[in-house]
Amino acid sequence: MVSRKVFLDTVEQVKAFVDLITPYPYEIDLISGRFLVDAKSILGIFSLDISKPVRIDIHAEECDVLLEQLKPYLVEE
């Protein structure tokens, strides 16, 4: 599993983010505090507090291509 922080502060960013990750076959979660949602769910994402960065957990070992595509959303810790 790979974990990073992402910041999705607009509706357009959330839509683009979901469109980007949906084709990937592995599970991807977003975690904010004690809440965990499926990152491929727009409604799930909007149930989180997205005014600050949230953690993304990618349940795969080899996800370098996805991480490269996620660069616009990644936040340095």
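Conventions used here
- Residues numbered from 1 in each chain as written.
- Predicted model: local features only at pLDDT ≥ 70, side-chain atom pairs only at ≥ 80, totals over all residues.
- Heavy atoms only, no water.
- Helix = DSSP H or I, 4+ residues; strand = E, 2+ residues; numbered from the N terminus.
- Rg over C-alpha atoms; globule rule 2.2 N^0.38 Å.
- Buried < 20%, exposed > 50% of the residue type's maximum accessible area, 1.4 Å probe, protein only.
- Contact = heavy atoms within 4.5 Å.
- Areas by Shrake-Rupley, 256 points an atom, 1.4 Å probe, with all protein chains shown as cover.
- Lys, Arg positive; Asp, Glu negative; His and termini not counted.
- Charge placed at Lys NZ, Arg CZ, Asp CG, Glu CD.
- Polar contact = N/O pair within 3.5 Å; in protein donor to acceptor, adjacent residues only side chain to side chain.
- Arc of directions from axis to C-beta.
- Salt bridge = Lys/Arg side-chain N within 4 Å of Asp/Glu carboxyl O.

J.: Residue-level account of the overall build of the protein, with values.
T.: Across its full length, the protein holds 3 helices and 5 strands. Helices and strands appear in the protein in the N-to-C order β-α-β-β-α-β-α-β. On C-alpha atoms alone, the protein measures out to a radius of gyration of 11 Å, which is about the 11 Å that the 2.2 N^0.38 rule sets for 77 residues. C-alpha extents for the protein along the principal axes are approximately 30 × 25 × 20 Å. Burial status across the protein gives 39% buried among its 77 residues. Considering only contacts in the protein between residues 6 or more positions apart, those separated by 24 or more positions represent 67%. When the accessible surface of the protein is split by element, carbon and sulfur atoms take 54% of a total near 4700 Å². Averaging the positions of the 8 positive and the 14 negative side-chain charges in the protein gives two centres separated by 6 Å.

J.: Which residues make up the side chain of Asp57, and what values do they have?
T.: Within the fold, Asp57 resides in strand E4 (residues 54-58). A polar side-chain atom of Asp57 sits 2.5 Å from a polar atom in the side chain of Ser3. Those residues in contact with Asp57 that sit more than four places away from it in its chain are Met1, Val2, Ser3, Glu27, Ile28, Asp29 and Ile31.

J.: An account of helix H1 (residues 11-21) is requested, with residue identities and associated values reported.
T.: By the burial criterion, the buried members of H1 are Val14, Phe17, Val18 and Ile21. Along the axis of H1, the buried positions cluster into a sector of 95°, meaning they face one direction only. Those residues of H1 that are exposed and angled more than 90 degrees off the buried face are Glu12 and Asp19. The secondary structure elements touched by the buried residues of H1 are strand E2 (28-32), helix H2 (42-46), E4 and helix H3 (64-69).

J.: So what's going on with the pattern of salt bridges? Which residues, and what values?
T.: Taken as a whole and judged by the stated rule, the model has 3 salt bridges. The shortest N-O distance in the salt bridge between Lys52 and Asp49 comes to 3.7 Å. According to the relative accessible area criterion, Asp49 is partly exposed, its value standing at 36%. Taking the shortest distance from any N to any O, the salt bridge between Asp57 and Arg55 comes out at 2.9 Å. The buried category is assigned to Asp57, whose relative accessible area is 4%.

J.: Let's hear about the environment of Leu30: which residues, and what values?
T.: Here Leu30 lies in strand E2. For Leu30, a relative accessible area of 0% translates into the label buried. Expressed as a C-alpha distance, the spacing of Leu30 and Phe7, which sit 23 residues apart in the sequence, is 11 Å. Apart from residues lying up to four places away in sequence, Leu30 is in contact with Val6, Leu8, Phe17, Phe35, Leu36, Val37, Ala39, Ile45, Leu48, Val54, Arg55 and Ile56.

Worth remembering: the numbers are spatial, not functional.
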